[in-house]
Amino acid sequence: MGIGNEPGGLLPGREGQPSDSLPKYERTTFDIVTIGAGYLFMPLGLAFALVRMLSTHYKNYRKPVNYSLLFHVFVGGFLQIMGIVVISIFSDDAMDTTTLISGLIFVCLVLLLPAAAFARSAAKARFRFAQLANQYVQLITVGRVRYTGNLADRTGQSEGDVNRDLIYLQKYGVLDSGLLFHEGADAAPQAQAGQAGASPFSQPARQPSYQQPRAQQLPKSVRCPGCGAQNTVAPNQSTSCDYCGTTIAYS
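The residue numbering used here restarts from 1 in each chain and proceeds along that chain's sequence as written. pLDDT decides what is reported in this predicted model: residues at 70 or higher carry local features, side-chain atom pairs at 80 or more are listed and counted, and totals for whole chains, interfaces and linings draw on all residues regardless. The side-chain numbers reported here are obtained from all heavy atoms of the structure, hydrogens and water having been left aside.

(A) Local environment of the overall build of the chain. Only runs of H or I of at least four residues qualify as helices and only runs of E of at least two qualify as strands under DSSP, and these elements are numbered from the N terminus. The secondary structure content of the chain amounts to seven helices and six strands. In sequence order, the chain lays out its α and β elements as β-β-α-α-α-α-α-α-α-β-β-β-β. Partitioning the contacts of the chain with sequence separation of at least 6, the portion at a separation of at least 24 is 55%. With the model as given, the accessible surface of the chain reaches about 15700 Å², and the carbon-plus-sulfur share is 59%. Two residues qualify as a contact provided that any one of their heavy atoms is within 4.5 Å of a heavy atom in the partner residue. Exposure was quantified through the Shrake-Rupley algorithm and a 1.4 Å probe, taking into account, for residues, occlusion by the shown protein chains and nothing else.

And the structure:
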């Protein structure tokens, strides 16, 4: 299916964000047909929009588009009802003023309020995906994260969502198409992230106390308690006096 994109930034004053290069809404041929059907015959357009939502809403980048489709369908339904009202005014069987006003209020409640809600949901979903895209760029280009498992943990997404989002961002040049990503998680970046995220007020790791090495013992001369002669005794040993045979201990 062909692609119909609306270029442009997401919000005023957001120049310079990586997500600004993404299309405002990525619409396929089926989406355009759905919008057209919504303005011509609302029930058919609503059926198409619901099918599109059920089949693609699990993709993060599709959520704004799906809400936008429902917005157009309900606006189209309102315009169709207004057309019927205008025709009835100029017909021979014109409605009375009270009935006309009541009908317009009812139509506004049933069609315009949901349309406004879907428009708001589309804007919120587009903003959230823009923030998610900027977070991906930050982690990948600055944090050098190359494992989808690590990206999933840091962004709160599933690995499947991360894979789809990365392909979408590479498609529109937000990420370099030559970047290679690995499945699963790498333990090293998580350990570094844990160290970087430690509170500056946390207690530093206890350093091992320094112990002075014990001095090496050497043989020494010891006086014999029997005859008083000097004898050399090795460390932690005893010996017999060379003159009287008395046992002399190293002390």
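(B) Here's a closer look at the environment of Cys241. Along the chain, Cys241 turns up in the loop between strand 5 (238-240) and strand 6 (247-249). With relative accessibility at 6%, the residue Cys241 sits in the buried group. Relative accessibility under 20% of the residue-type maximum defines a buried residue, over 50% an exposed one, and the middle range a partly exposed one, all with a 1.4 Å probe and only protein chains included.

(C) Here's a closer look at the packing of helix 2 (residues 42-56) against helix 3 (residues 63-89). Taken N-terminus to C-terminus, the directions of helix 2 and helix 3 make an angle of 170°; their axes are 9 Å apart at the nearest point. The angle between the axes of helix 2 and helix 3 places the two elements in the roughly antiparallel class. Across from Met42, Gly45, Leu46, Ala49, Leu50, Arg52, Met53 and Thr56 in helix 2, the residues of helix 3 making contact are Asn66, Tyr67, Leu69, Leu70, Val73, Phe74, Gly77 and Gln80. In this classification, the charged set is Asp, Glu, Lys and Arg, the nonpolar set is Ala, Val, Leu, Ile, Met, Phe, Trp, Tyr, Cys and Pro, and all remaining amino acids, among them Gly, are polar. Split into classes, the residues belonging to the contact of helix 2 with helix 3 amount to 10 nonpolar, five polar and one charged. To obtain each axis, a line is fitted to C-alpha atoms, and for helices this fit is confined to the stretch in contact; angles are then taken between N-to-C directions over 0 to 180 degrees. Roughly parallel means an angle under 35 degrees; roughly antiparallel, over 145; roughly perpendicular, 65 to 115; everything else is oblique.

(D) Representation of the packing of helix 1 (residues 29-40) against helix 3 in the model. Running from amino to carboxyl end, helix 1 crosses helix 3 at an angle of 20°, the nearest separation of the two axes being 6 Å. The pairing of helix 1 with helix 3 is recorded here as roughly parallel in orientation. Considering the relative orientation of helix 1 and helix 3, their crossing is right-handed. Of helix 3, the residues touching helix 1 (which contributes Asp31, Thr34, Ile35, Gly38, Tyr39 and Leu40) are Val65, Leu69, His72, Val73, Val75, Gly76, Gly77, Leu79 and Gln80. Classifying every residue of the contact of helix 1 with helix 3 by side-chain character gives eight nonpolar, six polar and one charged. If you view the pair so one helix is near and one far, a crossing is left-handed when the near helix is turned anticlockwise from the far one by less than a right angle, and right-handed when it is turned clockwise.

(E) Structural view of the packing of aromatic side chains. Under the pairing criterion, centres of Phe, Tyr and Trp rings, with the six-membered ring standing for Trp, must be within 6.5 Å; the plane angle then separates stacked pairs below 30 degrees from edge-to-face pairs above 60, leaving the rest tilted. Counted by the stated rule, this structure contains five aromatic pairs. Ring plane angle 5° and centroid distance 4.2 Å describe the contact between Tyr61 and Tyr168, whose orientation is recorded as stacked. Remark: Tyr168 occurs in helix 6 (residues 159-171) and Tyr61 occurs in the loop between helix 2 and helix 3; sequence separation between them is 107 residues. Assessed through its relative accessible area of 6%, Tyr168 is described here as buried. Put simply, the rings of Tyr61, Phe129, Tyr168 and Tyr172 touch in pairs and so form one group of aromatic residues.

(F) Layout of a nonpolar patch on the surface. Residues qualify for a patch when their relative accessible area is over 30% and they have no salt bridge, like charges being joined within 9 Å and the nonpolar side chains of Val, Leu, Ile, Met, Phe, Trp and Tyr within 5 Å. When a carboxyl oxygen of Asp or Glu lies within 4 Å of a side-chain nitrogen of Lys or Arg, that pair is called a salt bridge. A cluster of nonpolar side chains, namely Ile101, Ile105, Phe106, Leu109, Val110 and Leu113, defines an oily patch on the protein surface of about 590 Å² accessible area. Checked against the element boundaries, Leu113 lands in helix 4 (residues 97-142).

(G) Fine view of helix 5 (residues 148-155). Most of helix 5 is tucked away: six of the eight residues are buried. Along helix 5, the residues that are buried comprise Thr148, Gly149, Asn150, Leu151, Ala152 and Thr155.

(H) A look at the environment of Val110. Among the secondary structure elements, Val110 is positioned in helix 4. When the C-alpha atoms of Val110 and Gly77 are compared, they prove to be 9.8 Å apart, with 33 residues separating the residues in sequence.

(I) Layout of the pattern of salt bridges. The final tally for this structure, using the stated rule, is four salt bridges. Taking the shortest distance from any N to any O, the salt bridge between Glu26 and Lys171 comes out at 2.8 Å. Of this pair, Glu26 sits in strand 2 (residues 26-28) while Lys171 sits in helix 6, and the two are 145 residues apart along the sequence. With a relative accessible area of 8%, Glu26 lands in the buried category. As a salt-bridge pair, Arg52 and Asp31 come within 3.0 Å of each other at their nearest N and O atoms. Within this pair, whereas Arg52 is found in helix 2, its partner Asp31 is found in helix 1, the two being separated by 21 residues in sequence. You can call Asp31 buried: its relative accessible area is 0%.

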